[in-house]
Amino acid sequence: MRIRSALPDDNEQLVALARLTPMHADITICIQRDPDFFSLLSKKGNSEVLVAEEQGQILGCISIVNQEMVIRDISLPVHYICDLKVHPDYRGRKVGTMLCHAMKDLLISRNADLVFCTVADGNQKVMPI
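Below: a short report on this structure. (Residues numbered from 1 in each chain as written. Predicted model: local features only at pLDDT ≥ 70, side-chain atom pairs only at ≥ 80, totals over all residues. Heavy atoms only, no water.)

**Section: the pattern of salt bridges**
For the structure on display, the rule yields six salt bridges. Between Asp-10 and Arg-4 there is a salt bridge whose closest N-O contact spans 2.8 Å. Of the two residues examined, Asp-10 and Arg-4, each falls in the buried class. In this structure, Glu-48 engages Arg-110 in a salt bridge whose closest nitrogen and oxygen atoms are separated by 2.5 Å. In this pair, Glu-48 is assigned in strand S2 (residues 46–54) and Arg-110 in the loop between helix H3 (95–109) and strand S5 (114–116), connecting sequence segments 62 residues apart. In this structure Glu-48 comes out as buried when scored by relative accessible area, which is 18%. (Salt bridge = Lys/Arg side-chain N within 4 Å of Asp/Glu carboxyl O. Buried < 20%, exposed > 50% of the residue type's maximum accessible area, 1.4 Å probe, protein only. Helix = DSSP H or I, 4+ residues; strand = E, 2+ residues; numbered from the N terminus.)

**Remarks on H3**
With 15 residues, H3 ought to run about 21 Å at 1.5 Å a step, and its terminal C-alpha atoms sit 21 Å apart, in line with that. Among the residues of H3, those classed as buried are Val-95, Gly-96, Leu-99, Ala-102, Met-103, Leu-106 and Leu-107. For H3, the buried positions fall inside an angular range of 140° around the axis, keeping them on one side. The exposed residues of H3 that point more than 90 degrees off its buried face are Ile-108 and Ser-109. Summarising the contacts, the buried residues of H3 are in contact with strand S1 (2–5), S2, strand S3 (57–71), strand S4 (74–86) and S5. Two residues or fewer after H3 comes Asn-111, characterised by a positive phi angle close to 55°. (Expected span 1.5 Å × (residues − 1). Arc of directions from axis to C-beta. Contact = heavy atoms within 4.5 Å.)

**Thoughts on the pairing of S2**
Bridge count for S1 against S2 is four bridges, and the pairing is antiparallel. In the strand pairing of S2, Arg-4 is matched with Val-51. Where S2 and S3 come together, nine bridges link them in antiparallel fashion. Note that in S3 the partner of Ser-47 across the bridge is Val-65. (Pairing = 2+ DSSP bridges.)

**Some thoughts on the nonpolar core**
If you look at soluble globular proteins, the nonpolar side chains tend to sit buried side by side. In this structure, Leu-14, Phe-37, Leu-41, Val-49, Val-51 and Cys-61 are the most contacted members of the largest nonpolar core, which totals 14 residues. Where this core is concerned, the elements lending two or more residues are helix H1 (11–20), helix H2 (37–44), S2, S3 and S4. The contact partners of Val-49, leaving out residues within four places of it in the chain, are Arg-4, Ser-5, Ala-6, Leu-14, Phe-37, Phe-38, Leu-41, Cys-61, Ile-62 and Ser-63. Counting residues in each nonpolar core, the second largest holds 13 residues, with Ala-52, Val-95, Ala-102 and Leu-106 among its members. (Core = buried A, V, L, I, M, F, W, Y, C linked by side-chain atoms within 4.5 Å.)

**Let's talk about the sheet that holds S4**
Read across the open sheet, the five strands follow the order S1-S2-S3-S4-S5; overall the sheet is mixed. At either end of the open sheet lies a strand with only one pairing partner, and these are S1 and S5. Shown here is a sheet whose adjacent strand axes are inclined to one another by a mean of 25°, direction ignored. Relative to S5, S4 runs parallel, the two sharing three bridges. Opposite His-79, over in S5, you have Val-115 as the bridge partner. Across the sheet, H2 is in contact with S2, S3 and S4; its angle to S3 comes to roughly 15°. (Axes fitted to C-alpha atoms, helices over the stretch in contact; angles between N-to-C directions.)

And the structure:
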């Protein structure tokens, strides 16, 4: 398995992965990304998607969006981690952990200072990560 930056050609597999991986919690959420997985991210800010791939199949993904936010009257770059998705057939194989570590390395290489993400209440599977 290798971790790499997503390419436009990955769109179809990423849309399919999004369909397979709703956020299960007290309330299940599934954001439809069809026909363009990358469109929602680009509306939020500058983004990058990392994918875990094996033999041409995308096993999982994670995204980062860079946004400007005002904190105490100062405009600062903030990095929002989202879209952690692992194909159901590959859960329990450390795909999500590897994606998170790769994203952490990417953020460190870019000198990211403020990083946040949101987790749906009741989504216990992601909390250890």
